[in-house]
Amino acid sequence: MVAWNKPGSLKVGTVGRPAEPGTVSLAPDGEAIVTRTALLSHGYFEAPEEDSRATFIGPHSVATGDIARFDEQGFLTITGRKKDAIIARSGEKFHPEPIEALIQDHARIKAALVTSSDRNSGMTAILVVARRDDETTTDIRRHIERVNSGLPACQRVTELVFTEQDFTVDNGLRTKNLKLNRNAIRAALLTAAPA
């Protein structure tokens, strides 16, 4: 157990406070690092040494691969996975999950995936909608404009791809732990013409 919400110390939307004070820190890139005197493991079985070195970064420290932040009360929020980072053409590195959360804060959007565009320096958003009609498209475009107004230029969404196909485990567009299967979504849906 790394962090937990418990009675009397609970904040919805976070994974809680560290189970043991001082055992979770953040690397300069925001990756959560767990440090304990007794780890559950000291390496991966039959894994390449480079994978083990990237995870087991010291005798008592493990890099989780999760990008996180602490709030002012010490609650930890996971904002994404390090491996999902996007490197913009400008060289800036950022995580798509916070942008996806902003996009999904719209009643007509069931799910969103943000990825770099193959056609320009902006981002492409693949959006799951219940139905696509002119009213929905216009409403979503306005929403994307509002989201973009708060983002740096290299993170702005410049292309939209609409689909009525849900991202599910059964169709392979989500992993078994319900995370977006980013490679599968891109392969299945980026052949669609941008809207």
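To be clear, the structure that these remarks concern was listed above.
Residues numbered from 1 in each chain as written. Predicted model: local features only at pLDDT ≥ 70, side-chain atom pairs only at ≥ 80, totals over all residues. Heavy atoms only, no water.

(A) Representation of the overall build of the protein. Along the backbone of the protein there are four helices and 12 strands. When the backbone C-alpha atoms are referred to their principal axes, the protein occupies close to 60 × 45 × 35 Å. Burial status across the protein gives 39% buried among its 195 residues. When contacts within the protein are restricted to residue pairs at least 6 apart in sequence, long-range pairs at least 24 apart make up 52% of them. About 11400 Å² of surface is accessible on the protein, with carbon and sulfur atoms providing 52% of the total. (Helix = DSSP H or I, 4+ residues; strand = E, 2+ residues; numbered from the N terminus. Buried < 20%, exposed > 50% of the residue type's maximum accessible area, 1.4 Å probe, protein only. Contact = heavy atoms within 4.5 Å. Areas by Shrake-Rupley, 256 points an atom, 1.4 Å probe, with all protein chains shown as cover.)

(B) Quick look at the pattern of salt bridges. Taken as a whole, this structure holds 12 salt bridges when the rule is applied. The residue arginine 182 makes a salt bridge to glutamate 100 at a minimum N-O spacing of 2.9 Å. One end of the pair, arginine 182, is in helix H4 (residues 182-189); the other, glutamate 100, is in helix H2 (residues 97-104), and 82 residues separate them in sequence. Each member of the pair arginine 182 and glutamate 100 is classed as buried. Between aspartate 166 and lysine 110 there is a salt bridge; the shortest N-O distance is 3.0 Å. With aspartate 166 in the loop between strand S12 (157-163) and H4 and lysine 110 in strand S10 (residues 109-116), this pair connects stretches of sequence that are 56 residues apart. Overall, lysine 110 belongs to the partly exposed group, its relative accessible area being 46%. Taken together, the shared-partner salt bridges in this structure form one network comprising Asp84, Glu97, Glu100 and Arg182. (Salt bridge = Lys/Arg side-chain N within 4 Å of Asp/Glu carboxyl O.)

(C) Inspection of the layout of surface pockets at higher detail. There is about 580 Å³ of room inside the largest pocket. Along the walls of the largest pocket sit 24 residues, with Asp84, Glu97, Lys179, Leu180 and Arg182 positioned nearest its centre. Going through the elements one at a time, strand S6 (61-70), strand S7 (76-81), H2 and H4 are the ones with two or more residues in the lining of the largest pocket. Taken together, the residues of the lining of the largest pocket sort by class into five nonpolar, eight polar and 11 charged. Roughly 240 Å³ of volume is contained in the second largest pocket. Contributing to the lining of the second largest pocket are Met1, Val2, Val34, Arg36, Ala38, Leu39, Leu40, Ser41, Phe56, Val62 and Thr64. (1 Å grid on protein atoms, 1.4 Å probe; cavity = no way out; pocket = protein on both sides within 12 Å on 5 of 7 lines; lining within 4 Å. Points joined across faces, edges and corners; volume = space filled by probe spheres on them. Nonpolar A, V, L, I, M, F, W, Y, C, P; charged D, E, K, R; others polar.)

(D) Seen up close, H2. Within H2, the full set of buried residues consists of Glu97, Ile99, Glu100 and Ile103. End-on, the buried residues of H2 take up no more than an arc of 155°, which puts them together on one face. (Arc of directions from axis to C-beta.)

(E) Focus on H4. The complete set of buried residues in H4 reads Arg182, Ile185 and Leu189. An end-on view of H4 places all buried positions within 65° of arc, on one side of the element. Exposed residues pointing more than 90 degrees away from the buried face of H4 are listed as Asn183 and Ala187. In this fold, the buried residues of H4 make contact with H2, S10, strand S11 (123-129) and S12.

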